[in-house]
Amino acid sequence: MTYQYWNPKMETLPRPDLEAWQLRQLKNMVTYALRTPFYKKRLTEAGIKSEDAIKSLKDLNRIPFTTKHDLRDGFPYGFLSIPREEVIRLHASSGTTGTPTTIYFNKEDISRWTGFVARCIYGTGCDKTDVFQNMITYGLFTGGLGFHAGGEEVGMLVIPSGAGNTTRQFRLMQDFGTTVVHATPSFLLHVEAKMREEGVSRESIKLRKAFAGAEPYSEDTRRRIEELLHIDVYNSYGLSEMNGPGVAFECPNKNGLHIWEDGYIAEIVNPDTLEPVPEGETGELVLTILCREATPILRYRTRDLSAFYPEPCSCGRTHRRLHRITGRTDDMLIINGVNLFPSQIEEVIMSIKEVGNNYLIVIEKEGVLDRITVKTEVGPTIFMDDARPLNALKERIRKTLQASITINPRVELHESGSLPISEGKAKRVQDNRSQDI
Ligand code: DLL
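The rules behind these values
- Residues numbered from 1 in each chain as written.
- Predicted model: local features only at pLDDT ≥ 70, side-chain atom pairs only at ≥ 80, totals over all residues.
- Heavy atoms only, no water.
- Near = heavy atom within 4 Å.
- Polar contact = N/O pair within 3.5 Å; in protein donor to acceptor, adjacent residues only side chain to side chain.
- Areas by Shrake-Rupley, 256 points an atom, 1.4 Å probe, with all protein chains shown as cover.
- Helix = DSSP H or I, 4+ residues; strand = E, 2+ residues; numbered from the N terminus.
- Nonpolar A, V, L, I, M, F, W, Y, C, P; charged D, E, K, R; others polar.
- Expected span 1.5 Å × (residues − 1).
- Buried < 20%, exposed > 50% of the residue type's maximum accessible area, 1.4 Å probe, protein only.
- Arc of directions from axis to C-beta.
- Contact = heavy atoms within 4.5 Å.
- Domains from an automatic or database assignment.
- Buried area = accessible area lost by both parts, 1.4 Å probe.
- Salt bridge = Lys/Arg side-chain N within 4 Å of Asp/Glu carboxyl O.

(A) Spotlight on the site of the ligand. Surveying the vicinity of the ligand reveals 20 residues, the closest of which are Asn 235, Ser 236, Ser 240, Asp 304 and Lys 425. In this structure, a nitrogen atom belonging to the ligand sits 3.4 Å away from a main-chain N or O atom of Glu 215. Protein contacts shield 92% of the accessible area of the ligand, which totals 610 Å² for the unbound molecule. Within the residue set of the shell around the ligand, elements represented by two or more residues are α6 (142–154), β7 (232–239) and β8 (244–250). Sorting elements by how many residues they give to the shell around the ligand places β7 first, with 5 residues. Taken together, the residues that form the shell around the ligand break down as 7 nonpolar, 9 polar and 4 charged.

Here's what the structure looks like:
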């Protein structure tokens, strides 16, 4: 395996130097934070009146957590720490439940963010010989512009195709010889199914890699995309509150995501007690940004569940690795009293090769009980008018799910391409229970 580093010094910085860097940056972030109305109050209440209160990284513990709720309350300018005239861009998260959260950047913030994304891209072996099609939403969402800038920084030819319009995506790939794409994993699966449907031959495109993220997916889903499209898929993690993409990324070992610890301090805590979990155990990821002056966010509760890999990675990077995100604390479904994450269902169904590329979980009330229906598309080897293999497959999926998640779902099989797809993040769960009351 060969490894290439975009920023060799920072990516392989010995841990003591990395921690010294973190401390310096943390102090700097505290100084900026104290200029925002929100943190001025919050930090002062916690006895932190200047960066001098932070003497070692252990003092991070003295800083209170920040939640999505806090960010919403601070809308629109409560977290801005520099004069408005120095801000050159904002991004906002969609905010399905009302007020969005807004993040501001000055010129250096954008350039630091771009450096982190470039680091992710280059680390997978890409360089200026690549043609990069960015098949993700542009606009207020950070995925589009974030990867666009990172791709240009690496020197690749960037095609800003945006999400959706699958047929045009194929044309662009064929016309310009696209070698790398960025998309959500659900869109990649859709692209593959559509390619088959439209008779686009694999030989007519030069694709060899994809960056897939912005939503959870299982290892089996990754494998499926890799096998179907004959490409390498790299997991990409980030969130708008921490700039967007470029927070954690896989190296060619594809065994955990390196979190860029010169840009972020990562903690994993028990979501109930907020105490750190023992190294290697799963908990809620808490992140502190070290690389953004315009909107410093300290100890942000991401709600994402992950764990640290205890061992160092053989790629030579000193930045720790996170496990693939298995779900969010607010994703958990309670089905007749049993706790269940949608990712547990995905793990089972995507390991069955006759299952197609899309699925949907529907939950309803039936009398007093919850009823879960798993709708999956079927793969190309299954014909919808042949009842026997169809019923056998249905039964196999049901039994495998029951054995693994201890609930007995209803299973429905659907023709390839018939379940809804969304341009942005996939909506995997339709919970109709509250409407039934
Ligand atoms: O999704 C930023 C991004 C863009 C990441 C493009 C990667 C690629 P938000 O819209 O704020 O930002 O959503 C962030 O999405 O807290 C996770 O719950 C989820 N998420 C993002 N990446 C992954 C991943 C962007 N690789 C939220 N695996 C996060 C699992 C992910 N979940």
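(B) A look at helix α11 (residues 387–405). Taking 1.5 Å of rise per residue, 19 residues should cover 27 Å, and α11 covers 27 Å from first to last C-alpha, within 8% of that figure. Within α11, burial applies to Leu 390, Leu 393, Ile 397, Arg 398, Leu 401 and Ile 405. Down the axis of α11, the buried set is contained in an arc of 130°. They therefore lie on one face. Across from the buried face of α11, at angles greater than 90 degrees, the exposed residues are Arg 388, Lys 399 and Ala 403. Those residues of α11 that are buried lie in contact with β16 (338–340), α10 (342–349), β17 (355–366), β18 (369–378) and β19 (410–414). Positive phi appears at Thr 406, one or two residues downstream of α11, with a value of about 55°.

(C) Looking closely at the domain arrangement of the protein. Here the protein is described as being made up of domain 1 (1–331) and domain 2 (332–436). One C-alpha centre belongs to domain 1, the other to domain 2, and the line joining them spans 30 Å. For the pairing of domain 1 and domain 2, the buried interface totals around 1800 Å² over both sides, and the portion due to carbon and sulfur atoms is 47%. Looking at the side of domain 1 facing domain 2, the largest losses of area belong to Asp 220, Arg 224 and Asp 331, adding up to 29% of the total buried there. On inspection of domain 1 and its partner domain 2, the count reaches 0 salt bridges. Applying the counting criterion to the domain 1 and domain 2 interface returns 13 residue pairs in polar contact (both at pLDDT 80 or more). Among the residues making up the side of domain 1 that touches domain 2, the classes are represented as 9 nonpolar, 10 polar and 8 charged.

(D) Here's a closer look at unusual backbone geometry. The linkage connecting Phe 75 with the following residue, Pro 76, adopts the cis geometry, with an omega of 5°. With respect to the helices, strands and loops of the structure, Pro 76 is situated in the loop between α4 (68–73) and β1 (89–93). Despite not being glycine, Asn 243 has its phi angle at roughly 90°, a positive value. Note that Asn 243 resides in the loop between β7 and β8.

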